Each structure stands twice: as structure tokens, then as C-alpha cells.
Amino acid sequence: MAVVKAAVDLATLSETAIAQALAHYGRQLSTAPTAVQKLHNGYSGCNYRVEAVQEAGGREVLLLKGSADKPPAELAVQVELLRHLEAAGFPTAAAVPPAGCADPWVIEVPAAGDKDEAERGSKDSLAVFVMRFVGGQPANMVMGSGAVGESEVLATAGATLARLHLIPPPAGFRQYASGVGTKDGLFNPGTLAAFRAMPDKKVAAHPFLEFFEQRISALSELVGAGGDTECSSQLEQGLMHCDFFLDNILVHELSRAGGSGVGGSACELSALIDWEDAAAGPLLHDLGIGILGCCYDATESLSAARLTAMLSAYNQIRPLAPMERKLLRRSVLGAALAVGFFRWRQFNVRHPEIVEVSSQSTPSEFFTVALADNASRVAHGILSAGEGRLQRDGAQN
């Protein structure tokens, strides 16, 4: 979906805290004026581009990632996954080991003092780790510039997701159907009751809750929440990114004279980033999330051209099984519900103080109203623009 993300400022680190963190990884903060640059945070933490000096004297650019609402143990899961992906040769931002490689890969540093408790989540410290900074531009920006065609970018996106789905998850990796362990998780039986019991009546009586309640059983059946079902038992399980939106796909433009990317496109993947929500689960559901995140245009309409390019490229690398094709439409509707739930919870329950700056709409409005209105269009679009092409491609593979 073409949702504009604002620079939400949930957490801040001082340069002293950043220098303290870098020291743990055997680096010093550069004295250059551009040594620290705060980047878009996402919705639950802070990201800093930092210029560092290694103990041997070399200079490098790193990304320091902090979380306002996740403990060190949860960030350690992300680090484990990044190391797993690096070992598999998948393009992403590699985690930087601590000095001596014996210390924890995730540490806590003091939060900046200019934030009050409500803004910091009542925490005096933030869990952080360090990654190598990856160049490239978000895929949505590349398309917006007009330098590379939408179909070319979407072919790269589809191939990227298919490549990821060929990599098995780390042993014992968290399960998507468990709600990734949160007390107000997507599949927690007590979540709805907890929201309806909240003192804030705007939350307790919000129309999204009824919308969600009417549809969650279908999604639970699809992903096997609470145990295998007839649907989930027939779907291939694997590593899910769970946030496959265009702004998490970094690409770089290729010279047409000097080479070509996937399917002859003029862009190539630099890295897939933001693994906070990654889990093990049905790959079809992750594809549904990717369709939501990549195949809508600026008018919030499903683009047949984007959908065809993405699914065709995906299917060339990981051909969809007959049951996956049959349930493809349902997977996108389930993905819409899941993404809507996470955005609604973030902006209405966990951080209602955030005012989203967007020329289009706020997530709380967009994902409760527009997704419901678009559900039938999503289904129709996939049937008319996607499944016929997939059947032809599948017959050739």
C-alpha cells in the first residue's frame, strides 16, 4: 500500500550513548560533522547512520538500531536471523560482532534525557545493536523518480521474496501463528476482550474490533493458529519476512549498457531490511503481505501490472503449488487483516500519542476503513490479473 510513513520519534539516543555503544563493538565515533545522522525510525525505535573509526584505524559507515519497546532478548532474535541470512548469502545488512566476538551482540544504552517517560515507554535505556550500512534506495523512491519502470522494480521484488522463501528459518525460530509472543498478539484468544475492557472508550468501542472479530477465524485457519488445519497443513512453511513493503526493499539502478537485473530489469537488489517481525510460517501468507505492500499504486488501487510482474518473477523461482494458487486470494485478504491489526494496535493502543503526518491518511483510518473497502477489489484483482498468468507460467516450469 502506498502509505507515507512519517518521522515518528519514539526514541532518541545522545551522541554519548552512541559512542558508548560503538565502543562495545570495537569502534570509536568519528569526529566528522556528519558522524551521526538520525534516520526514519519505523514505528518502534530509532535508527542512526554513524561514521565510525575501527581500532586498526579504518573508517566505515554503520547503522545503529535501537528499540523503544523490545527487550534485548528480542533484538537478539533479529541478530540471530541476520547472521543466518548472511551465512546463506542473502542480501541484507550484516550484524556487526562485538569486540572479541565474546560479548553480547545486543546491549542497552541510556535513552536521551529530552524524552519523558510516556515517549520513552517508561524506560531509561534502549536495547541496541549495530549493522553494516547498506547503500541503495527504497524501491518506492526508485519508482517515484521514474528512473526505473514499476514492472522492473516489482520483478526484482518478486524474485527477492522467492529467494528468501527458499532459505529455511533458523532452528527453533519463533512461529508466526503464535502471534510472535506478545500478550496482545494477533492470535491471542484474550486480545479482543483486553481491548474492549480498556478505559479509553475510543479504543474499547472502536469499529475495527468488530471488523477484526468477524474475520480472524478465517486467517487463523489459513496459518494454523491453534494447530494444523486442513488449509495450513497443505501450505509450505518457511521463513517469512512479514513486512515486505516497498520501503524495506533497497535497490540500486543498473546501467542498461552495463548489465541487467532480474528479468532484464534496470535495477538490482541491494538489501532487504527491517526484520523485526520475521517469523516461521506459511510462505503464502508472506506473499499475501508482499502483494499488499508492493502492488498498490498512489491512488490506493491494486495495479494489475505490478501484480503480474511480481507474481511472475516469484513464480519463476519458487513455483506456487496448486493449493497455494487456490488460496492466493484468501491469503491477501488475511494479510490485509493482519497488517490492519498491527497498524491499528500500534496507533490506537500502544502509541496513541503519535500523530501520523501523511498526505493521504493516517494508518488508524486507512487500515480500518480503506482495507475493508478494498477487500473485494483485492480479490477481484488477483483473480483477473494474477491467477491466469500464474497458471500459464506454472505450466512452463
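Shown above is the structure to which this text applies.
Scoring rules and cut-offs
- Residues numbered from 1 in each chain as written.
- Predicted model: local features only at pLDDT ≥ 70, side-chain atom pairs only at ≥ 80, totals over all residues.
- Heavy atoms only, no water.
- Core = buried A, V, L, I, M, F, W, Y, C linked by side-chain atoms within 4.5 Å.
- Buried < 20%, exposed > 50% of the residue type's maximum accessible area, 1.4 Å probe, protein only.
- Helix = DSSP H or I, 4+ residues; strand = E, 2+ residues; numbered from the N terminus.
- Contact = heavy atoms within 4.5 Å.
- Phe/Tyr/Trp six-rings, centres within 6.5 Å; stacked < 30°, edge-to-face > 60°.
- Lys NZ or Arg CZ within 6 Å of the ring centre and 35° of its normal.
- Pairing = 2+ DSSP bridges.
- Axes fitted to C-alpha atoms, helices over the stretch in contact; angles between N-to-C directions.
- Left-handed = near helix turned anticlockwise from the far one by under 90°.
- Nonpolar A, V, L, I, M, F, W, Y, C, P; charged D, E, K, R; others polar.
- Expected span 1.5 Å × (residues − 1).
- Arc of directions from axis to C-beta.
- Salt bridge = Lys/Arg side-chain N within 4 Å of Asp/Glu carboxyl O.

Please clarify how the nonpolar core should be interpreted in this entry.
Leu 13, Ile 249 and Leu 287 are the most contacted members of the largest nonpolar core, which totals 106 residues. Looking at this core, the element that brings in the most residues is helix α13 (residues 328-350), giving ten residues. The residues contacting Ile 249, other than those within four sequence positions of it, are Gln 137, Pro 138, Ala 139, Ala 157, Phe 244, Leu 269, Ala 271, Leu 272 and Cys 294.

Would you mind showing me how to read the packing of aromatic side chains here?
Any pair of aromatic rings gets described here by the distance separating the centres and the angle formed by the planes. In this structure the tally under the stated criterion is nine aromatic pairs. Here the aromatic rings of Phe 212 and Phe 341 are separated by 5.0 Å at their centres, their planes lie at 25°, and the arrangement is stacked. With Phe 212 in helix α8 (residues 207-213) and Phe 341 in helix α13, this residue pair connects regions lying 129 residues apart in the sequence. In terms of burial, Phe 212 and Phe 341 fall into one category: buried. Measuring from centroid to centroid gives 5.6 Å for Phe 341 and Phe 342, while their planes differ by 70°, and the two rings are edge-to-face. Overall, the relative accessible area of 1% leaves Phe 341 in the buried class. Within the aromatic cluster, the residues linked to one another by ring pairs are Phe 195, Phe 208, Phe 211, Phe 212, Phe 341, Phe 342 and Trp 344. Directly above the ring of Phe 133 sits Arg 49, whose terminal nitrogen or CZ lies 5.5 Å from the centroid. The residue whose ring lies beneath Arg 343 is Phe 245, and the NZ or CZ to ring-centre distance is 5.5 Å.

Help me out: how do you make sense of the sheet that holds strand β10 (residues 267-272) in this one?
As a general point, the strands of a sheet are linked pairwise by backbone hydrogen bonds and lie either parallel or antiparallel. With antiparallel pairing, the three strands of this open sheet are ordered in space as β7-β9-β10. The open sheet terminates on both sides in strands that have one partner only, identified here as β7 (137-138) and β10.

Please explain the packing of helix α9 (residues 216-223) against α13 as it appears in this structure.
Helix packing geometry: the angle between the two helix axes and the distance between the axes. In contact at an axis separation of 10 Å, α9 and α13 are set at 120° when each is read in the N-to-C sense. Between α9 and α13 the crossing geometry is left-handed. Here Ile 216, Ala 218, Leu 219, Glu 221 and Leu 222 of α9 come into contact with α13, specifically with Arg 330, Ser 331, Gly 334, Leu 337 and Ala 338. When grouped by side-chain class, the residues that make up the contact of α9 with α13 number six nonpolar, two polar and two charged.

I keep staring at helix α5 (residues 150-165) and nothing clicks. Help me out?
Helical geometry note: an α-helix holds 3.6 residues per turn, so side chains three or four residues apart project in the same direction. If you check α5, its first and last C-alpha atoms are 23 Å apart, about what 16 residues at 1.5 Å a residue would give, namely 22 Å. Burial runs high along α5: 13 of the 16 residues are buried.

Explain helix α1 (residues 15-24) here, please?
Of the residues making up α1, those classed as buried are Ala 17, Ile 18, Ala 21, Leu 22 and His 24. The buried side chains of α1 occupy one side of the element, clustering within an arc of 150° when seen end-on. Opposite the buried face of α1, by more than 90 degrees, sit the exposed residues Glu 15 and Thr 16. Just beyond α1, the residue with positive phi is Gly 26, at close to 75°.

Would you explain the packing of helix α10 (residues 283-294) against helix α11 (residues 304-317) in this entry?
Running from N to C, α10 and α11 point in directions that differ by 145°, and their axes come no closer than 10 Å. For the crossing formed where α10 meets α11, the hand is right-handed. Contact residues: α10 offers Leu 287, Gly 290, Ile 291 and Cys 294, while α11 offers Arg 306, Leu 307, Met 310, Leu 311 and Tyr 314. Here the residues of the contact of α10 with α11 are counted per class, giving seven nonpolar, one polar and one charged.

How do you make sense of the pattern of salt bridges when you look at a structure like this?
Between side chains of opposite charge, a pair can form as their charged atoms come close. Taken as a whole and judged by the stated rule, the model has 13 salt bridges. Close ionic contact of Arg 49 with Glu 51 constitutes a salt bridge, the shortest N to O distance being 3.2 Å. Like Glu 51, Arg 49 is buried.

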